[in-house]
Number of protein chains: 2
Amino acid sequence: MLDYKLVEACAEVIRFGSFEKAARALGLTQSAISQRIKLMEERLGQPVLVRAKPIVPTVAGQRLLAHYQSVRLLEQDLGSELPEVRAEGEFGQVTLAVNADSLATWFVDVPKLLFEKLGVLVHLVVDDESLNHHSLQEGNVLGAVSLRDTPIQGCRVRPLGSMRYFMVVSPEFQERYFKDGVNADALRACPAVNFSEHDELQNQFLHQYFGLTPGEFPAHTVPSSQGFVTLAEQGVAYAVVEQHQAEEGLRTGRLVRPCPFEIDRPLYWHHKTINSRLLDQVNDIVLSEARRHLPEIPQ
Amino acid sequence: MLDYKLVEACAEVIRFGSFEKAARALGLTQSAISQRIKLMEERLGQPVLVRAKPIVPTVAGQRLLAHYQSVRLLEQDLGSELPEVRAEGEFGQVTLAVNADSLATWFVDVPKLLFEKLGVLVHLVVDDESLNHHSLQEGNVLGAVSLRDTPIQGCRVRPLGSMRYFMVVSPEFQERYFKDGVNADALRACPAVNFSEHDELQNQFLHQYFGLTPGEFPAHTVPSSQGFVTLAEQGVAYAVVEQHQAEEGLRTGRLVRPCPFEIDRPLYWHHKTINSRLLDQVNDIVLSEARRHLPEIPQ
């Protein structure tokens, strides 16, 4: 059988991206951690880490991490059947990837429900929708919210619902830049706000309805779901936002919709196919929260 | 003189971490981009990129990027004196690094002011306080909010003020877990919420006042300033938050302070020492917003 002390050391170094932090988390010295990783690498006959800043796993390291997390999950199942195998006061933990728009809207109660119903700590990784798939593939997370509907190896995919996006601006911004309506020329001359350099949604919206490609329209970048909407409310930019995020601004008149166009983005839940009661319960909670808030994906 | 077409190609690939995105942004084919980078590397006699996922700059690449951004900044100064050198409808751009807590609080009007007063697009990089320093060192940003007061080469450092942090919980959480007050035993048995794996603030607070080290206390992880406070309000965790973020919750009674301890964190503004009028104005806006919201750093 594998030496799980070694596996754990590798997994924690990968998770924290740092020997120092992994050592602290495991209550070991850094040299003990290094020693364990060296031993693991000797047994595997290949490196598990690239010693860069931050530390990144090799393909072998990723496999090892995925395996470690599966074992931890099974241990948590066992812990709920045999409470005595759990250290006193110890909580289980699940790591999930979610896009920022979901976390700011329909996903907001998921951590609360996971903790209250299942007693687990929730570790969230927030990434761009298209990248979450990547975290799952690397074995860092148990489940991920993603835009892609193609399952990846070792995972099952289920529909969550659609997120609806449209353009909002402050009334003053509309008056200043969109007096003659929203068109490609107007959009070349006033700033958008991107969530990130990888803001595919904004790009798709401007391309689909106005034929603009990235680089053709000026944009601020504010990587915060809250800050993003704030910029539109302040009249500093137009923003393409998820409908729940615009609700209050539209209700109070701080935001208006300068054009009727919409984009619906189907979201999917990808989760490991480990046979675990805990994972089943996690899936149930995520799927039922999605049903409660999101319209169904059209056929 | 350097061939700035080549420099620009390198800088954009580094900025986007992707050949494809840089090509789109510059309106070039991917093979044209590759060609330019190859030429640049031949002239320098060394690689500027590590072709990993995502793409990362070599030390030479970082130098090149820093130089490129300085030149762009000087061009923006020129553009405000000679508007005709600017392409029509083109805005200048400044890239700044800011920690999430600042962006959610005192920094919230900075993008608005930069755009309205200076007409520049604001590109924000959001990172942990201690890491911003790193972005600056790598030459990716013009200015950064940081916890460190030691200047780095080519930069000047100025005090911004103190951010004050304290612990908040929902009244129900207090009743359930802190009935006998907040102490190390109580904190080992109920969950905190960390902003990230690198949440040094939470760690410092729990270590300074309760002697706990990371790994000794259970914690959720929710990398969103908004989501973080929400978890405390939902009664799912205790949180150590910046005072502005707790204001509304404390006023409405959704949050209470279970213990009187506080941590003050002095924040510093690091900016390039390029002689640029635009940069001077950026500094003035950032410093004056900090003065408006943050208490002075005690001597």
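Predicted model, so just to flag it, every value in this text is computed and none were measured.

Draft legend 1. The arrangement of the nonpolar core in detail. Residues Phe178 and Tyr238 of chain A together with Phe178 and Tyr238 of chain B are the most contacted members of the largest nonpolar core, which totals 137 residues. Leave out the neighbours within four places in its chain, and phenylalanine 178 of chain B touches Met167, Val169, Phe173, Ala186, Leu187, Cys190, Tyr238 and Pro258 of chain B.

Draft legend 2. Just the interface of chain A and chain B, in detail. With 43 residues of chain A at the interface, the matching set in chain B holds 43 residues. Summed over both partners, the interface of chain A with chain B comes to about 3,500 Å²; 59% of that surface belongs to carbon and sulfur atoms. The interface formed by chain A and chain B holds zero salt bridges in total. At the boundary of chain A and chain B, one finds twelve residue pairs in polar contact (both at pLDDT 80 or more). Per element, the largest residue contribution to the side of chain A that touches chain B is six residues, and it comes from strand β4 (residues 120-127) of chain A.

Draft legend 3. Structural context of the pattern of salt bridges. All names here are of chain A. Taken as a whole and judged by the stated rule, the model has 24 salt bridges over all chains. Of the charged contacts, one joins arginine 15 and glutamate 12 as a salt bridge, the two residues approaching to 3.1 Å between their closest N and O atoms. Here the residue arginine 15 and the residue glutamate 12 both occupy positions in helix α1 (residues 4-16), the gap between them amounting to three residues, near one helical turn.

Draft legend 4. The side chain of arginine 36 of chain A, seen in detail. By the element assignment, arginine 36 of chain A lies in helix α3 (residues 30-44). The charged side chain of arginine 36 of chain A is buried without a salt bridge, its nearest counter-charge being glutamate 8 of chain A at 5.1 Å.

Draft legend 5. Main features of the pairing of strand β5 (residues 143-146) of chain B. All names here are of chain B. Side-chain alternation along β5 places Gly143 and Val145 on one buried face and Ala144 and Ser146 on a second face that is also buried. Pairing of strand β3 (residues 92-99) with β5, which is carried by two bridges, proceeds in the parallel orientation. The residue bridging leucine 96 from the neighbouring strand is glycine 143, located in β5. Taken together, the four bridges between β5 and strand β10 (residues 262-272) define a ladder with antiparallel strand orientation. Counterpart to valine 145 in the pairing with β10 is tryptophan 269.

Draft legend 6. Representation of the packing of aromatic side chains within the structure. Residues and elements named next belong to chain A. Going through the model one piece at a time under the given rule, you end up with 18 aromatic pairs over all chains. Where phenylalanine 205 meets tyrosine 209, the ring centres are 5.2 Å apart and the plane angle is 65°; that geometry is what we call edge-to-face. Pair noted here: phenylalanine 205 and tyrosine 209 are both in helix α10 (residues 200-210), with a separation of four residues, about one helical turn. An aromatic cluster is present here, built from Phe173, Tyr177, Phe178 and Tyr238 joined pairwise through their rings.

Draft legend 7. Spotlight on the side chain of asparagine 194 of chain A. Structurally, the position occupied by asparagine 194 of chain A is in strand β7 (residues 192-194). Polar side-chain contacts of asparagine 194 of chain A include one of 3.4 Å to the side chain of glutamine 202 of chain A.

Draft legend 8. Representation of the packing of helix α6 (residues 110-118) of chain A against helix α13 (residues 277-293) of chain A within the structure. All names here are of chain A. Where α6 meets α13, the closest approach of the two axes is 10 Å, and the angle between their N-to-C directions is 140°. For the element pair α6 / α13, the angle class is oblique. Crossing geometry of α6 relative to α13 is assigned as right-handed. Where α6 approaches α13, its residues Val110, Leu113, Leu114, Lys117 and Leu118 are matched on the opposing element by Leu278, Gln281, Val282, Ile285, Val286 and Glu289. Within the contact of α6 with α13, the residues separate by chemical class into eight nonpolar, one polar and two charged.

Draft legend 9. Spatial organisation of the relation of the copies chain A and chain B. Least-squares fitting of chain A to chain B yields an RMSD of 0.0 Å, with the superposition described by an axial translation of 0.0 Å and a rotation of 180°. Put plainly, the chains are arranged around a two-fold axis. Both copies share a contact surface, since 100% of the interface residues of chain A are interface residues in chain B too.

Draft legend 10. Looking closely at the environment of valine 50 of chain B. Within the fold, valine 50 of chain B resides in strand β1 (residues 49-50). For valine 50 of chain B and cysteine 10 of chain B, which are 40 residues apart along the polypeptide, the C-alpha to C-alpha distance reads 12 Å.

Conventions used here
Residues numbered from 1 in each chain as written. Chains lettered and ligands numbered in written order. Predicted model: local features only at pLDDT ≥ 70, side-chain atom pairs only at ≥ 80, totals over all residues. Heavy atoms only, no water. Core = buried A, V, L, I, M, F, W, Y, C linked by side-chain atoms within 4.5 Å. Buried < 20%, exposed > 50% of the residue type's maximum accessible area, 1.4 Å probe, protein only. Contact = heavy atoms within 4.5 Å. Buried area = accessible area lost by both parts, 1.4 Å probe. Salt bridge = Lys/Arg side-chain N within 4 Å of Asp/Glu carboxyl O. Polar contact = N/O pair within 3.5 Å; in protein donor to acceptor, adjacent residues only side chain to side chain. Helix = DSSP H or I, 4+ residues; strand = E, 2+ residues; numbered from the N terminus. Lys, Arg positive; Asp, Glu negative; His and termini not counted. Pairing = 2+ DSSP bridges. Phe/Tyr/Trp six-rings, centres within 6.5 Å; stacked < 30°, edge-to-face > 60°. Axes fitted to C-alpha atoms, helices over the stretch in contact; angles between N-to-C directions. Parallel < 35°, antiparallel > 145°, perpendicular 65-115°, else oblique. Left-handed = near helix turned anticlockwise from the far one by under 90°. Nonpolar A, V, L, I, M, F, W, Y, C, P; charged D, E, K, R; others polar. Least-squares fit on C-alpha atoms with pLDDT ≥ 70 in both.

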